[in-house]
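This is what each chain is made of:
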Amino acid sequence: MAFEHILVTIEEALGLIQLNRPKVLNALNRAVMTELGQALADLEANDAVRCIVIYGNARAFSAGADIAEMQAATPVDMLRQNWIAQWERLRQLTKPTIAAVSGYCLGGGCELAMACDIIIASESAQFGQPEINLGVIPGAGGTQRLPRALGKSRAMELILTGKFIGAQEALARGLVSRVVPVEVYLEEAKSLAREIAAKAPVAVQFAKECVNKVFELPLGEGLEYERRHFYFLFSTEDQREGMRAFLAKRPAEWKGR
Ligand code: CAA
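Residues numbered from 1 in each chain as written. Predicted model: local features only at pLDDT ≥ 70, side-chain atom pairs only at ≥ 80, totals over all residues. Heavy atoms only, no water.

Glancing now at the overall build of the protein. When helices and strands are tallied, the protein shows 12 helices and 10 strands. Computed over its C-alpha atoms, the radius of gyration of the protein comes to 19 Å, within 12% of the 18 Å expected for a compact globule of 257 residues. Across its three principal directions, the C-alpha atoms of the protein cover 60 × 45 × 40 Å. Going through the 257 residues of the protein one by one, you find that 44% of them count as buried. By sequence separation, contacts in the protein at least 24 residues apart represent 66% of the contacts at least 6 residues apart. Counting every atom, the protein has about 13500 Å² of accessible surface; 56% of that belongs to carbon and sulfur. Across the protein, the 29 positively charged side chains and the 30 negatively charged ones have centroids separated by 3 Å. (Helix = DSSP H or I, 4+ residues; strand = E, 2+ residues; numbered from the N terminus. Rg over C-alpha atoms; globule rule 2.2 N^0.38 Å. Buried < 20%, exposed > 50% of the residue type's maximum accessible area, 1.4 Å probe, protein only. Contact = heavy atoms within 4.5 Å. Areas by Shrake-Rupley, 256 points an atom, 1.4 Å probe, with all protein chains shown as cover. Lys, Arg positive; Asp, Glu negative; His and termini not counted. Charge placed at Lys NZ, Arg CZ, Asp CG, Glu CD.)

Laid out in C-alpha cells, this is it:
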C-alpha cells in the first residue's frame, strides 16, 4: 500500500517506518496515525518481518500531535475520531519495535516513542510533554508511561512545566537504552533490530510480552505469567535446536516454531 505521510521499507527481516512530514517536524495528524496503524498491521502480518524500526529525521522524531489540525476540535470530534487509539496499536504488536529518535521527541511523538519497546537516541534528542503549554495534558500515554520511565517526581516536573530533557538525562534515567552520535543513530537502531531479528522468533515474542507485563501485573501474577511462557517454549523446535546447538558448540538455526 502506498502512503503519503510515512515511508515504509522492508530490509530483509526489518520493517522500517519513517515519519515523513519534515516541514512540520513530523507532527502527527490523523492521516499520519491512520497510515502508521495500517503500516504496523501490514508489517505484523508479514512473516518475513521480525523487528520494526520507527524513525523521523535528524531534526525531529516528531514534535507531537498536529496542533493546527486539533485546535478547533470539539470533545465529540475527538471522541468520534478517536485517533489517539492508533497509539494503542503499538502496544498490541507481537513483534519488537524500536524507536530511533533524533531531535525533537515531544508530546504525541514522545508518547509514540515510549509505546515502542526500545528507544535508541541520538545525542541531539530532546524529550518532553509540552501539552501543558497548550492548555491540555498528554493524551496518548504521557502521564502513564513517563512516570514509569523517569520516576514520579521528574516526570511530574516535566509534565507540569512542559520542559524538555536531553538525551543524556534520558539515558541516565532509563528512558532510552543508548545515546549515539546523530550520524549513526539510525544505523545503530537497525543493527540492534537485526540482532533481535536473528533470535528465535517465538522466544522473542514471549520475552517481549513478559517484559511488558511488568507494567500491568502484580509481581506474583507476572512471575506466574513468565513461568507458563517459559514452560510453553519447551514445546517448540527452537528450544530443542537452541539447547542442542549450545551443547554441540555450533550456531543455532531457528525455525520460528
Ligand atoms: N503541530 C503542528 N505543527 C507543528 C508542530 C505540531 N506539534 N510542531 C511544530 N510544528 C510546525 C511549526 O508550526 C512550524 O511550521 P511553519 O514553518 O509553517 O511555521 C514548523 O513545524 C517548524 O516549527 P518551529 O518554527 O516552531 O521550529 P522551532 O525550531 O522554532 O521550534 C519546537 C521547535 C520547540 C518543537 C516547536 O515547534 C514546538 O514547540 N512545537 C510544538 C510542540 C508541542 O507542543 N507538542 C505537543 C502537541 S499536543 C500533543 O501531542 C497531544 C497528545 O498528547 C497526543
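Here the narrative resumes.
Per the domain assignment, the segments making up the protein are domain 1 (6-197) and domain 2 (201-247). Once you take the C-alpha centre of each, domain 1 and domain 2 turn out to be 27 Å apart. At the interface, 11 residues of domain 1 touch seven residues of domain 2. Of the roughly 690 Å² buried between domain 1 and domain 2, counting both surfaces, carbon and sulfur atoms make up 49%. The largest contributions to the domain 1 side of the interface with domain 2 come from Thr94, Asp117 and Arg148, which together make up 54% of the buried area. (Domains from an automatic or database assignment. Buried area = accessible area lost by both parts, 1.4 Å probe.)

Okay, the sheet that holds strand β2 (residues 14-19) next. The strand order β1-β2-β3-β5-β7-β10 describes an open sheet built from six strands, whose pairing is mixed. Both outer strands of the open sheet, β1 (6-11) and β10 (178-180), are each paired with one neighbouring strand and no more. Neighbour to neighbour, the strand axes of the sheet diverge by 20 degrees on average, direction disregarded. Where β2 and strand β3 (residues 51-55) come together, five bridges link them in parallel fashion. Looking at β3, one finds that leucine 14 is bridged to cysteine 51. Contacting β1, β2 and β3, helix α1 (residues 30-45) crosses the sheet at an angle of about 15 degrees to β1. (Pairing = 2+ DSSP bridges. Axes fitted to C-alpha atoms, helices over the stretch in contact; angles between N-to-C directions.)

Once that is clear, we can look at the packing of aromatic side chains. According to the stated counting rule, one finds five aromatic pairs in the structure shown. Ring centres of tryptophan 83 and tryptophan 87 lie 5.7 Å apart, and the angle between their planes is 50 degrees; this geometry places the pair in the tilted category. Since its relative accessible area comes to 7%, tryptophan 83 is described here as buried. Between tyrosine 104 and phenylalanine 164 the ring centres are 6.5 Å apart and the planes differ by 75 degrees, which places this aromatic pair in the edge-to-face class. Taken together, the residues span a long stretch of sequence, with tyrosine 104 in strand β6 (residues 104-106) and phenylalanine 164 in strand β9 (residues 164-166) at a distance of 60 residues. Residue classification places tyrosine 104 among the partly exposed residues on the basis of a relative accessible area of 28%. An aromatic cluster is defined as three or more aromatic residues linked by ring pairs; in this entry it consists of Phe230, Tyr231 and Phe234. (Phe/Tyr/Trp six-rings, centres within 6.5 Å; stacked < 30°, edge-to-face > 60°.)

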